[in-house]
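Results of the structural survey
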Amino acid sequence: MMKEAVLTRPFILALSLNEISKTTAQAKILDDQVYRCVCDYIRANSNSVIVLTGGEPFLDSRLSEILVLARSNGWPASVDTNCLFDEPPALDGIQQIRLRLYSLNPDLHSKITCDRQSFRKTTEYARWLADNFSGEKIMVFPVCRENYEEMPAVLEWCRSLNFIPNFFVVPWKHEYSVDLQDYHVVLQALRELPPEDIIIDVPLLGLSGWPNICPGGRLAMYVGVDGGIKPCPDFPYPLCWLEEDIPRAWRTLQEKIAELNRHCSSCGRFSVCGGGCLANKTEAGKDCYCFADW
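Residues numbered from 1 in each chain as written. Predicted model: local features only at pLDDT ≥ 70, side-chain atom pairs only at ≥ 80, totals over all residues. Heavy atoms only, no water.

Looking at an unreviewed UniProt entry, one finds the protein chain named Radical SAM domain protein and attributed to Syntrophaceticus schinkii.

Structure (C-alpha cells):
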C-alpha cells in the first residue's frame, strides 16, 4: 500500500491558468482535468496559498470561479499579472497582486520584455493599485546584467507606491543573465539593500548570512497548463506531471529535487542555501554561480 503523501505547511500552490506565446500571440489554457484536480484539492484542504499566474490570469474566465473557491476554503490568493487588459479588473477575493518590472528605463524594460507597451501598462497599473488596492502589492524585479545597478532606485520607487520589492536573479540560461565574473558584484549590491520590507529570493545569499531563501520546491509547487510540475515557473522543464493528486505530485517533486541536490547535499553549507537555485543547476548538480568549496 502506497504511503500517503503529506504536505508541509505553509504550502504555496502556483497555477498557470493560461500561457500566451510572445511570438504567435496565441493562448494555451489550463487542461480541464488538471484544473479539476486542483479545485478538488482546494475543497479538501485549508491553510495554504494559491498563486494564479500564466500569460494573464485576468483574461481567464475561470479566475473568478477559483477565487470564490479559494475564499470559501480559507486560501489566500495571489495573482501575477502582465497587465494585458484594457481596463483595471475587479480584485474581489485577491489578497496580493504581483507585477513584474525589468527596469525604470522604459526602453530597457521594453527591450527585455519584447513589448513596447509593457512599461507604460505596468507603471500605470502600479499607480492605479496604489490608489485602489488595499491588499499586499509586490513588484517583482528580475535582476540581470542590464539592470542590477537600478536596485536602489527600484526600492525607492516601490516605497513611494507602497509596493514591496521582490528581487531575484534571473536563471543563467536567460538571455540577459548575469555573467559569472559579475555575479559577486550583484550579490554585494543585494547585501547592501536595507533588509526591511523587501523580499530577496537568492538562495546563494544564504552562504553569506542572508536569511531569505527562494520557496520554489521547498514551500511552493508550480503547475503548468499541461499539468507539468516544477519547483517554480523559471525551471526549464517539468520534473513530473499532475496525474492523480496534488500530494503525490508534491512527493514526486521532492524526490526529483533531492536527486538534483545529491552532490550539494554533502556540502557543509547545504543547510543555508538549499543547493542554490534549482534553475541554475549544472550537469554536475551544482548551482553554476555557487562560490562554496566542495
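1. Comments concerning the overall build of the protein chain
In terms of regular secondary structure, the protein chain is built from 8 helices and 11 strands. Taking 2.2 N^0.38 as the reference for a compact globule, 294 residues should give roughly 19 Å; the C-alpha atoms of the protein chain span a radius of gyration of 19 Å, in line with that estimate. Once the C-alpha set of the protein chain is aligned to its principal axes, its extents read approximately 55 × 45 × 40 Å. When burial is assessed residue by residue, the protein chain has 50% of its 294 residues classed as buried. (Helix = DSSP H or I, 4+ residues; strand = E, 2+ residues; numbered from the N terminus. Rg over C-alpha atoms; globule rule 2.2 N^0.38 Å. Buried < 20%, exposed > 50% of the residue type's maximum accessible area, 1.4 Å probe, protein only.)

2. A word on the nonpolar core
Of all hydrophobic cores here, the largest spans 80 residues; its most connected members are I97, L190 and M221. Among the elements that line this core, the one with the most residues is helix α1 (residues 32–44), at 7 residues. Once you skip the residues sitting within four places of it in the chain, M221 turns out to touch F11, I12, L13, A14, I229, K230, I246, A249, W250 and L253. Counting 6 residues, the second-largest nonpolar core is a separate cluster that includes Y102, I112, C144 and Y176. (Core = buried A, V, L, I, M, F, W, Y, C linked by side-chain atoms within 4.5 Å. Contact = heavy atoms within 4.5 Å.)

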